[in-house]
Amino acid sequence: MKVTIQTITEKEKEEALLRITEMTPDLQMAVSLLENGEQVLIGQRDGEKVPCPISNIYYVESVDEKTFAYTKTDCLELKYKLYELENLLDSRFFRCSKSMICNVRKIRSVKSGENARLNATLLNGETLIITRSYVSGFKKRLGL
């Protein structure tokens, strides 16, 4: 994709013009970021496309080759693979197991679990397990 940037005078109004053949999820995220200043993922619930700001996501999980984003009250299916989301999501998110990415800002507390794992309790009361291979990265991230 070619990107062209033009500098304008302060009197002119800033705008973004996208010339596209098809609205893809990546382009939709870029539009949402430009319009709202926040990254938005488009998920599906009951056949409907639903925008979800990433700040609302507690964690993302991959189950049976499908990817789901969980918010405080909702579950949306995403069209992304977990590794793609790792690259798309910002520093609030970290990989906590092979099948899960968690939002650090949604963690209420953490305590030691069995087999060198950690149990993270989220603000919505759910508990996630941070597996051994991801514990050291998590501790560094939180300064523990």
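Predicted model only: the values in this text are computed from it and were never measured. (Residues numbered from 1 in each chain as written. Predicted model: local features only at pLDDT ≥ 70, side-chain atom pairs only at ≥ 80, totals over all residues. Heavy atoms only, no water.)

**Topic: the overall build of the chain**
Note the threshold: Per the convention used, a helix needs a DSSP run of H or I reaching at least four residues, while a strand needs a run of E reaching at least two, with both numbered from the N terminus. Each residue's exposure class comes from its accessible area (1.4 Å probe, protein chains only) as a fraction of the maximum for that residue type: buried when under 20%, exposed when over 50%, partly exposed otherwise. Note on contacts: a residue pair is in contact if any heavy atoms of the two residues lie within 4.5 Å.
When helices and strands are tallied, the chain shows 3 helices and 10 strands. Going residue by residue from the N terminus, the α and β elements of the chain occur as α-β-β-β-β-β-α-β-β-β-β-β-α. Principal axes of the C-alpha set define a box for the chain whose edges measure 60 × 35 × 25 Å. Scored against the burial criterion, the 144 residues of the chain give a buried share of 33%. Within the chain, contacts between residues at least 6 apart in sequence are counted, and of these 36% link residues at least 24 apart.

**What about the packing of aromatic side chains?**
Two measures describe an aromatic ring pair: the distance that separates the ring centres and the angle between the ring planes. Defined as follows: Two rings from Phe, Tyr or Trp (for Trp, the six-membered ring) form a pair when their centres are within 6.5 Å of each other. A pair whose planes differ by under 30 degrees is stacked, one over 60 is edge-to-face, and the rest are tilted.
Applying the stated rule across the entire model yields 2 aromatic pairs. With 4.6 Å between their ring centres and 20 degrees between their planes, Y59 and Y70 make a pair best called stacked. Taken together, the residues Y59 in strand β3 (residues 59–63) and Y70 in strand β4 (residues 66–70) connect sequence positions 11 residues apart. The class of Y59 is buried, set by a relative accessible area of 5%.

**Topic: the pairing of strand β9 (residues 118–122)**
Inclusion rule: Here, a strand pair is defined by DSSP locating no fewer than two bridges between the strands.
Taking every second residue as pointing to the same face, the buried face of β9 carries L118, A120 and L122, while none of N119 and T121 on the other face is buried. Between strand β8 (residues 107–112) and the antiparallel strand that follows it, β9, lie 5 residues; N115 among them carries a positive phi value of about 55 degrees. Of the strand pairs in this sheet, β9 and strand β10 (residues 127–130) are connected by 4 bridges, and their pairing is antiparallel. Along β10, the bridge assignment pairs N119 with I129. Where β9 folds back on β10, the antiparallel hairpin that results is connected by 4 residues, among which G125 adopts a positive phi of roughly 95 degrees.

**Observations regarding the environment of T67**
Inclusion rule: Residues adjacent in sequence count toward polar contacts only when both atoms are side-chain atoms; beyond that, a polar contact is any pair of N or O atoms within 3.5 Å, and within protein one must be able to donate a hydrogen and the other to accept it.
Along the polypeptide, T67 turns up in strand β4. In this structure, the C-alpha to C-alpha distance between T67 and S99, residues 32 residues apart in sequence, is 9.1 Å. The contact partners of T67, leaving out residues within four places of it in the chain, are V60, E61, S62, L76, E77, L78, Y80, K81, L82 and L85. A polar atom in the side chain of T67 sits 2.8 Å from the backbone oxygen of Y80.

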